[in-house]
Structures are given as C-alpha cells and as structure tokens.
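The primary structure of each chain is shown beneath.
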Amino acid sequence: MLHPIEARLDDPRSHVPAQRGSTDDTPWHSNAACRRDEAGLFFAPSKEPTAARLAREEQAKRVCARCPVLLECREHALLQPEPYGVWGGLTAAERRVVLARRRRREQELREAARVTHVAAAG
C-alpha cells in the first residue's frame, strides 16, 4: 500500500516542483522524511479530539523539520493547494494563512506598480 503522500504525488495530474539542485530525474518526494513514518501522523483521523490533533501535528512537524525536501514539499502544498494534512511543516490552516499573505502582497505590488505607472505617465 502506498503512503498517502506517494499516492497523491504519483497522480499525473499533480504538479510536483523539481528538486532544487537535482541533476537527475528523481522526484523530490523520493527524499521526503515522511516516507519512513506512519501516514497517520500527517493526516487526521475522523473526529480526532483537539488535544490529540495538536499533539499529532507537532509530532509531524518534528519529522518535517529534519526533512531534506521541506521547502519543495511546502511549495507543492501551497501550489496545489493541499486541503488536508501536514505538508512542508505546515498544517492546512497555516497554509491558508501563508496563501492569504501571498495574495495580499501580490495585490500590494500590483497597486504599487499601477501607481508608479500612473505617476510616470502624468
């Protein structure tokens, strides 16, 4: 049986960013630390109590913290976006915050560029 990350990432519809510095065709997730850990650590069972969820997520984040492909995994989860589980050391809620910040920053940059363009034209 495939680990859930493998099952999701082996889906040809998934966009998987290339591993930085890689000179071969090995996908980044081949080096993921979570491939050696129990899948249940990264994905919540149904009706999980809050205290148990928080403890499980912290344990998953400790695995992520030692992962050599943490940034690739995180970016994958942000680009998809992955709605569940701990990916790249972030929970789904934390990823939503990162995405909202990115959207705000992109909007600010577009506004600044528009203002600069209008000022230069005037």
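Residues numbered from 1 in each chain as written. Predicted model: local features only at pLDDT ≥ 70, side-chain atom pairs only at ≥ 80, totals over all residues. Heavy atoms only, no water.

Colleague: If you had to explain the overall build of the protein to someone new, which residues and values would you point to?
Modeller: Of regular secondary structure, the protein possesses four helices and zero strands. Within the protein, buried positions represent 33% of all 122 residues. A sequence separation of at least 24 residues applies to 49% of the contacts in the protein between residues at least 6 apart. For the protein, the accessible area works out to roughly 8100 Å², and carbon and sulfur atoms hold 55% of it. (Helix = DSSP H or I, 4+ residues; strand = E, 2+ residues; numbered from the N terminus. Buried < 20%, exposed > 50% of the residue type's maximum accessible area, 1.4 Å probe, protein only. Contact = heavy atoms within 4.5 Å. Areas by Shrake-Rupley, 256 points an atom, 1.4 Å probe, with all protein chains shown as cover.)

Colleague: Kindly report on the nonpolar core, identifying the contributing residues and their values.
Modeller: Counting 17 residues, the largest nonpolar core has Phe-42 and Cys-67 as the members making the most contacts within it. When contributions to this core are tallied by element, the ones reaching two or more residues are helix H2 (50–65) and helix H3 (70–79). (Core = buried A, V, L, I, M, F, W, Y, C linked by side-chain atoms within 4.5 Å.)

Colleague: How would you summarise the packing of aromatic side chains if you had to cite specific residues and measurements?
Modeller: Applying the stated criterion across every chain yields a total of one aromatic pair. Note on Phe-43 and Trp-87: the rings are 6.3 Å apart at their centroids and 80° apart in plane angle, and the pair reads as edge-to-face. Of this pair, Phe-43 sits in the loop between helix H1 (4–9) and H2 while Trp-87 sits in the loop between H3 and helix H4 (92–121), placing them 44 residues apart in sequence. (Phe/Tyr/Trp six-rings, centres within 6.5 Å; stacked < 30°, edge-to-face > 60°.)

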